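Coordinate analysis (summary)
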Amino acid sequence: MTVNKRVVPIITVKSIEAERRNHAEVLGLVELMNHGWIVTFADVSGAHQVFLMTRDPTAPVNPQASIQGDNVDAAYATACARGLEIMDELQDEPWGVRRFFFREASGNIINVLSHLG
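A brief look at the structure comes next.

Thresholds applied
Residues numbered from 1 in each chain as written. Predicted model: local features only at pLDDT ≥ 70, side-chain atom pairs only at ≥ 80, totals over all residues. Heavy atoms only, no water. Helix = DSSP H or I, 4+ residues; strand = E, 2+ residues; numbered from the N terminus. Rg over C-alpha atoms; globule rule 2.2 N^0.38 Å. Buried < 20%, exposed > 50% of the residue type's maximum accessible area, 1.4 Å probe, protein only. Areas by Shrake-Rupley, 256 points an atom, 1.4 Å probe, with all protein chains shown as cover. Lys, Arg positive; Asp, Glu negative; His and termini not counted. Charge placed at Lys NZ, Arg CZ, Asp CG, Glu CD. Pairing = 2+ DSSP bridges. Phe/Tyr/Trp six-rings, centres within 6.5 Å; stacked < 30°, edge-to-face > 60°. Salt bridge = Lys/Arg side-chain N within 4 Å of Asp/Glu carboxyl O. Patch = residues over 30% accessible without salt bridge, like charges linked within 9 Å, V, L, I, M, F, W, Y side chains within 5 Å. Axes fitted to C-alpha atoms, helices over the stretch in contact; angles between N-to-C directions. Contact = heavy atoms within 4.5 Å.

Bringing the overall build of the chain into the picture now. Check the secondary structure of the chain and you find two helices and eight strands. When its helices and strands are written in sequence order, the chain yields β-α-β-β-β-β-α-β-β-β. At 14 Å, the chain has a C-alpha radius of gyration in line with the 13 Å of a compact globule built from 117 residues. Projected onto its principal axes, the C-alpha positions of the chain cover 45 × 30 × 25 Å. Burial analysis of the chain (117 residues in total) assigns 39% to the buried set. Carbon and sulfur atoms make up 53% of the accessible area of the chain, which totals about 6,500 Å². The chain carries 10 positive and 14 negative side-chain charges, and their two centres are separated by 2 Å.

With five bridges connecting them, strand β6 (residues 85–92) and strand β7 (residues 97–103) associate as antiparallel partners. Considered in β7, the bridge of Asp92 is made with Arg98. Where β6 folds back on β7, the antiparallel hairpin that results is connected by four residues, among which Gly96 adopts a positive phi of roughly 95°.

Applying the stated rule across the entire model yields three aromatic pairs. Look at Tyr76 and Phe100: their rings are 5.1 Å apart centre to centre, the planes differ by 75°, and that puts the pair in the edge-to-face class. You can see Tyr76 sitting in helix α2 (residues 72–81) and its partner Phe100 sitting in strand β7, a full 24 residues away along the chain. You'll find Tyr76 and Phe100 in the same group, each marked buried.

Tallied over the full model, the rule gives eight salt bridges. With a closest N to O distance of 2.2 Å, Arg20 and Glu17 form a salt bridge. Pair noted here: Arg20 and Glu17 are both in helix α1 (residues 16–26), with a separation of three residues, about one helical turn.

Here we come to a nonpolar patch on the surface. Where nonpolar side chains cluster on the molecular surface, the patch consists of Met1, Val3 and Val7 and spans about 250 Å² of accessible area. Here Val3 shows up in the segment before β1 (6–12).

This part covers the sheet that holds strand β8 (residues 109–115). The eight strands lie next to each other as β2-β3-β4-β1-β5-β8-β7-β6, forming an open sheet whose pairing is mixed. Two strands bound the open sheet, and with one partner strand each, they are β2 (30–34) and β6. Here the strands of the sheet are splayed against their neighbours by 25° on average, with no regard to which way each runs. When β7 meets β8, the two strands line up antiparallel, connected through seven bridges. From the neighbouring strand, Arg98 faces β8, where its bridge partner is Ser114. Each of β1, β2, β3 (38–42) and β4 (49–53) is contacted by α1, which is oriented at about 0° to β3, the strand it contacts most.

Rendered as structure tokens:
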């Protein structure tokens, strides 16, 4: 897989509403997307982003980073071949991504994805 789209940190929060003003007013970020359980904030160009997440509804754990590339299936095959711990199996999600999670040696959970279509 080639990482050719974006790499975004994910911050787990208790309440998106409680944190929304901090990211908008203190950091000057704008809200790009809001699914209720995850919100994307970015600078005005959209190039620099951060996610706030309460609880991923289809995964057993929340990831700490989201990495988007061109071939999530190849990345999944490589992760399996390397014996990495798969925390959430490769699957298509209803919000238009194909993804899986793996745990890196330091314990961080990484969400690897490609957009569908």
